[in-house]
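Coordinate analysis (summary)
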Amino acid sequence: MGKDVIIACDFSSREATLEFLDKFTGRKPFVKIGMELFYAEGPQIVKDIKARGHKIFLDLKLHDIPNTVKKSMAVLSRLDVDMTNLHAAGTISMMQGALEGLTRPDGTRPLLIAVTQLTSTDQERMENDLLIKEPIDKVVMHYAKNAEIAGLDGVVCSPLEAEKVHDTCGKSFLTVTPGVRFADGDIGDQKRVMTPAQAKKIGSDYIVVGRPITAAEDPVAAYERCCAEFID
Ligand code: C5P
């Protein structure tokens, strides 16, 4: 799989999502469906968007005992998504179970990506709430390595961590990076951001872009601008 721009479809209804996707009459974007939309509309929304010809990253961040995650992943894999994810904190054994569950009878499966530490967790919260005393970047790289050992395809990480993840886990281990903003755009609530061109330069494999596209006056033009900077 090559580099791609994934649009975070953070809408709360089917109506709003499809109205947004209707604007894309040329190149069909890879879209991320998160918990809000999935819990509101159920699996049918995934089938409908897939039927319109989009690739789908189903961002449900599973985290449970290995057997439950394995069986849940088997259900998700039947939705024919292209990428899905889980929390690396669930352990190597949970990640291995997930991969097993995700693999279809014909041997194919969606890409499986791990969340390491959420970017909303900082050093202080990790130490005080989770009692993890190591430096956060060491924890992130350790979780990335665990994901690689379990056989996963990559991690979700900040574009600022992508280079180090590739150094630690190899160039073919995928980095999926949110926190992308245009040089002349609003950064909103994201703290550490990069432009699509910078993300390309440091070796991100996929960028996940939400509001710079979904809230743009012309979303299709904003998407094409991302593609031009990141892929073309
Ligand atoms: O609108 P924006 O471009 O900030 O959207 C980024 C998307 O990536 C959102 O769906 C957000 O939940 C997701 N994300 C993130 N940071 C992470 C993991 C996921 O921003 N560490």
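Before reading on, note that the structure itself is shown above.
Note that this is a predicted model, so its numbers are computed, not measured. (Residues numbered from 1 in each chain as written. Predicted model: local features only at pLDDT ≥ 70, side-chain atom pairs only at ≥ 80, totals over all residues. Heavy atoms only, no water.)

1. As for the pattern of salt bridges
In the structure shown here, the tally under the stated rule is 16 salt bridges. Ionic pairing is found between glutamate 100 and lysine 70, a salt bridge with its closest N-O pair at 3.0 Å. Here lysine 70 lies in helix H4 (residues 66-77) and glutamate 100 lies in helix H5 (residues 92-102), a separation of 30 residues in the sequence. A salt bridge links arginine 125 to aspartate 129, with the nearest nitrogen and oxygen atoms 3.0 Å apart. Note that arginine 125 and aspartate 129 are positioned in helix H6 (residues 123-130) at a spacing of four residues, about one turn of the helix. Overall, the relative accessible area of 36% leaves arginine 125 in the partly exposed class. (Salt bridge = Lys/Arg side-chain N within 4 Å of Asp/Glu carboxyl O. Helix = DSSP H or I, 4+ residues; strand = E, 2+ residues; numbered from the N terminus. Buried < 20%, exposed > 50% of the residue type's maximum accessible area, 1.4 Å probe, protein only.)

2. Describing the environment of aspartate 122
In this structure, aspartate 122 sits in the loop between strand S5 (111-115) and H6. Relative accessible area serves as the criterion here: at 39%, aspartate 122 is assigned to the partly exposed category. Spatially, the C-alpha atoms of aspartate 122 and alanine 147 are 21 Å apart, while their sequence positions differ by 25 residues. Within the structure, the side chain of aspartate 122 is placed 2.9 Å from the backbone nitrogen of arginine 125, a separation counted as a polar contact. (Polar contact = N/O pair within 3.5 Å; in protein donor to acceptor, adjacent residues only side chain to side chain.)

3. Observations concerning the sheet that holds strand S2 (residues 30-34)
On the basis of which strands lie adjacent, the closed barrel formed by eight strands has the order S1-S2-S3-S4-S5-S6-S7-S8 and parallel pairing. For this sheet the average axis-to-axis angle between neighbouring strands, irrespective of direction, equals 25°. (Pairing = 2+ DSSP bridges. Axes fitted to C-alpha atoms, helices over the stretch in contact; angles between N-to-C directions.)

4. Some thoughts on the pairing of strand S4 (residues 83-87)
Burial within S4 is extensive, with five of its five residues counted as buried. Residues Met83, Asn85 and His87 of S4 are buried on one face, and the alternating residues Thr84 and Leu86, pointing to the opposite face, are buried as well. With H4 bridging strand S3 (residues 56-62) and its parallel neighbour S4, the resulting β-α-β unit is right-handed. Here S4 runs beside S5; their pairing, made up of five bridges, is parallel. In the strand pairing of S5, threonine 84 is matched with leucine 112. In the classification by handedness, the crossover that spans S4, the intervening H5 and the parallel S5 is right-handed. (Right-handed = clockwise from strand over helix to strand, strands pointing away.)

5. Quick word on the layout of surface pockets
Rolled over the atoms, a probe with the dimensions of a water molecule shows which regions are left empty. Taken as a whole, the largest pocket spans an internal volume of roughly 1100 Å³. If you trace the largest pocket, you find 38 residues lining it, with Thr119, Ser120, Pro178, Gly179 and Gln190 closest to the centre. Among the elements of the structure, S2, S3, helix H7 (136-150) and strand S8 (206-209) are those that each provide at least two residues to the lining of the largest pocket. Grouping the constituent residues of the lining of the largest pocket by class yields 15 nonpolar, eleven polar and twelve charged. Volume-wise, the second largest pocket comes out at about 190 Å³. Every residue lining the second largest pocket is listed: Arg181, Phe182, Asp184, Gly185, Asp186, Ile187, Gly188, Arg211, Pro212, Ala215 and Ala216. Here the residues of the lining of the second largest pocket are counted per class, giving five nonpolar, two polar and four charged. (1 Å grid on protein atoms, 1.4 Å probe; cavity = no way out; pocket = protein on both sides within 12 Å on 5 of 7 lines; lining within 4 Å. Points joined across faces, edges and corners; volume = space filled by probe spheres on them. Nonpolar A, V, L, I, M, F, W, Y, C, P; charged D, E, K, R; others polar.)

6. As for the packing of H4 against H5
Here H4 crosses H5 at 30°, and the two axes come no closer than 7 Å. By the angle class used here, H4 and H5 are roughly parallel. In this structure, H4 meets H5 at a crossing whose hand is right-handed. In this structure, H4 contributes Pro66, Val69, Lys70, Met73, Ala74 and Ser77 to the contact, and H5 contributes Ser93, Met94, Gly97, Ala98, Glu100, Gly101 and Leu102. Partitioning the contact of H4 with H5 into residue classes produces seven nonpolar, four polar and two charged. (Parallel < 35°, antiparallel > 145°, perpendicular 65-115°, else oblique. Left-handed = near helix turned anticlockwise from the far one by under 90°. Contact = heavy atoms within 4.5 Å.)

7. A short note on the nonpolar core
Within the largest apolar cluster, 61 residues are counted, with the highest numbers of intra-cluster contacts made by Val5, Val46, Leu58, Met73, Leu86, Leu152 and Ile213. Of all the elements, H7 adds the most residues to this core, at seven residues. With residues up to four places along the chain from it excluded, the contact list for leucine 152 reads Leu86, Met95, Leu99, Leu112, Ile113, Ala114, Ala147 and Phe173. If you look at the next biggest cluster of nonpolar residues, it comprises 13 residues, including Ala8, Leu111, Val156 and Leu174. (Core = buried A, V, L, I, M, F, W, Y, C linked by side-chain atoms within 4.5 Å.)

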